[in-house]
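Okay, here's what each chain looks like letter by letter:
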Amino acid sequence: MPLLAMEIRVAFERHAGFRPLRAVTDRDSLLHLASSCGNRRGTNIFTSSDYSRKIIPTIFFSVSGGSIVSLSVAQFLEIRTAEYNIVFAAAALFCLLLFTISRLELPHLTTEDHAIALCVGSILMIPRLQYLFEQQIGISLNVVCWDDWWHIQEMASIVYSEYFPPRSTFRPDDFLSFYYAPWLFGAAIFLAGPLATIKQALFINVAYLSLLIGYGIVYAGHAMFREDAARRRMLVGVIILYGGGVAYYSMLRRVYHVLTTGHLPADHPPWQAAPFGFNIHFENLFSSGFWAPHHVSAVVAIFFAAYCLSREMNAAARAVCGITLALAAFSSVFVTIGALPLLVWLVLRHRVPVNALLAVFGATAIIAAPLIWMYLCREGSGFIAFGALRGVWQRHPGVGFPAFIAALILMFLPIVVAIGLARKEPPAPWSFLLVCLPYLISTYFIAYSGANNYAMRGGLVPVCAMLYFSVPGLIRLCSLQIGWKLLMLPFFMGGLWQIVAFSTNAWQQYHKVSPFQAQALAANLRHGVAPDAAVLQAAGGVPHGWYLLETNKPAGKAALISPDRELINADNPYRLTLRRLVGAGER
């Protein structure tokens, strides 16, 4: 205890100016401090190193780390949902103190970096802005993307269940069992009382995750190219814009659709490898940020954990790293699986001490122990050998492998060329690239039921690694003649297309209105009260009518489709609770 008290005292002394005490004892730091005091730019909170090095990361870790810690505690103690806000606040405060004494500092950001991060976050959140004004609009709005129907039910399960773990709105006898840790922030705000509907809470949560993604991209650029602003800009640009040549093919088909029908289709561009006979899609970070920000928040968590593993860590920093890995695992299990090569490579490259690894993964295990049951004994989902192959390839899987490699090359052609051009330039640890590529290749042999998240989400970290290694070569390619630049252009239209397609879909859904939506909003505003029989009967005659109702229902959904089943799980003996440990029986 005295040691911990001393750590906390020293940490707060350091945070008086958010600068290490030892930093002001040498001549250079004193000169820097004096010059900052006389420099208006140095006193600007958005350009001060203190703000970007400490305050922003502390806020993000407090909220995100608090989400996974509070979820673990809530499930282990099976607390009442009415008490969750207290647990969340305590967990966030614990994470704030832990990060404070960890002495972890991220790179300094410039005013331009903050502008880029805020711009990226704003672009990602704006299409869902209509959710925030649902009560003023007067109807229960259609969702702007298909996935949000289920995110709403996840939040409804959390806030309207009496105890943790939450009961599913799809089947009240079973539990909500999905990677829903990233949605707990919005649920906590809704439980606090200021919001009228679940969709409003969903927007607040998406806004937070969007800013997390924006800052995560910018911080990654600084961590990877500390002294090279041009390479940092290129990395941010390629993450946002890169779509792949095969994706461009789908864009051309939609342009043809506009020319022949007069309107822009709002559906998601088909999976990149579909023209080759494969149900495989590799999304970039920006595209996934629109459709599934919780998966991308896992990528940010993985990158931050990797940053921690590459540095000297005290005991608190090891705990921070362990909590971050647990957050990633329960934000997206697929992203975490795809990131395992990165983590193994980092451990070996930086020769992380065994005692540090034991502390990191010990912290992860402690947080994960009450939650791991959610991934076990699942109903109706699993890994499938050659599950992404169609038609003749499925009948003859060995024959289709060359076509799959050709599809990969077409998807990543400029990236492959750029990596080749940069093979002699730093950074070029080919050992890491060689452990990332096998995961992308493994998607030919392994798929996951439902949407092929094994490729689409699990491939996010390996794809980001390829983009990182391509940056020096891409800068060289940009110096080529205009003809070569035009050939590269199709590969860098994916991000722009996602902005147009997603925003168009949001606008079109806003104008799809049925009389039932006003009834649904009235039912949703009666928090926790089951809708009456007439409303339930009307819901049956409207597309997604059941999902428009956010509040409790007297019975589960009659017919469950595959995405419904992915959110539920029956109780099983692997669920670890305090009552079970002390033999007090079931709640």
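Structure shown above.
Focus: the overall build of the protein chain
Item 1. Looking only at helices and strands, the protein chain features 29 helices and four strands.
Item 2. Looking at the protein chain as a whole, 55% of its 587 residues are labelled buried.
Item 3. Roughly 24,700 Å² of accessible area belongs to the protein chain as shown, and the carbon and sulfur atoms make up 67% of that amount.

Describing helix 5 (residues 111-125)
Item 1. The end-to-end C-alpha distance of helix 5 is 21 Å, a good match for the 21 Å that 15 residues give at a rise of 1.5 Å each.
Item 2. All of the buried residues in helix 5 are Asp-113, His-114, Ala-117, Val-120, Gly-121, Leu-124 and Met-125. Taken around the axis of helix 5, the buried residues stretch over an arc of 130°, which confines them to a single face.

Points about the layout of surface pockets
Item 1. Of the volumes computed, that of the largest pocket is approximately 900 Å³.
Item 2. Lining the largest pocket are 40 residues, with Ala-223, Phe-303, Phe-304, Ala-306 and Tyr-307 sitting closest to its centre.
Item 3. Breaking the lining of the largest pocket down by element, the ones donating at least two residues are helix 3 (49-77), helix 9 (198-224), helix 13 (293-309), helix 14 (315-329), helix 15 (333-349) and helix 22 (460-477).
Item 4. Of the residues assigned to the lining of the largest pocket, the class counts are 30 nonpolar, seven polar and three charged.

Things to note about the environment of Trp-393
Item 1. Tracing the backbone through its elements, the reader meets Trp-393 in helix 17 (residues 391-395).
Item 2. Residues Trp-393 and Phe-404 lie 11 residues apart in sequence; the distance between their C-alpha atoms is 9.8 Å.
Item 3. The residues touching Trp-393, leaving out its near neighbours within four places in the chain, are Phe-276, Gly-277, Phe-278, Val-399, Gly-400 and Ala-403.

Some thoughts on helix 8 (residues 184-192)
Item 1. Buried residues of helix 8: Leu-184, Phe-185, Gly-186, Ala-187, Ala-188 and Phe-190, and no others.
Item 2. After helix 8 finishes, the residue Gly-193 shows a positive phi value of roughly 110°.

Considerations on the packing of helix 20 (residues 430-442) against helix 22
Item 1. Two elements in contact, helix 20 and helix 22, have axes whose closest approach is 9 Å; the angle formed by their N-to-C orientations is 140°. Regarding the angle of helix 20 to helix 22, the classification is oblique. Here helix 20 runs over helix 22; the crossing is left-handed. Here Phe-432, Leu-433, Cys-436, Leu-437, Tyr-439 and Leu-440 of helix 20 come into contact with helix 22, specifically with Pro-462, Val-463, Ala-465, Met-466 and Phe-469.
Item 2. Here the contact of helix 20 with helix 22 is composed, by residue class, of 11 nonpolar, no polar and no charged.

Each value, and the rule that gives it
- Residues numbered from 1 in each chain as written.
- Predicted model: local features only at pLDDT ≥ 70, side-chain atom pairs only at ≥ 80, totals over all residues.
- Heavy atoms only, no water.
- Helix = DSSP H or I, 4+ residues; strand = E, 2+ residues; numbered from the N terminus.
- Buried < 20%, exposed > 50% of the residue type's maximum accessible area, 1.4 Å probe, protein only.
- Areas by Shrake-Rupley, 256 points an atom, 1.4 Å probe, with all protein chains shown as cover.
- Expected span 1.5 Å × (residues − 1).
- Arc of directions from axis to C-beta.
- 1 Å grid on protein atoms, 1.4 Å probe; cavity = no way out; pocket = protein on both sides within 12 Å on 5 of 7 lines; lining within 4 Å.
- Points joined across faces, edges and corners; volume = space filled by probe spheres on them.
- Nonpolar A, V, L, I, M, F, W, Y, C, P; charged D, E, K, R; others polar.
- Contact = heavy atoms within 4.5 Å.
- Axes fitted to C-alpha atoms, helices over the stretch in contact; angles between N-to-C directions.
- Parallel < 35°, antiparallel > 145°, perpendicular 65-115°, else oblique.
- Left-handed = near helix turned anticlockwise from the far one by under 90°.

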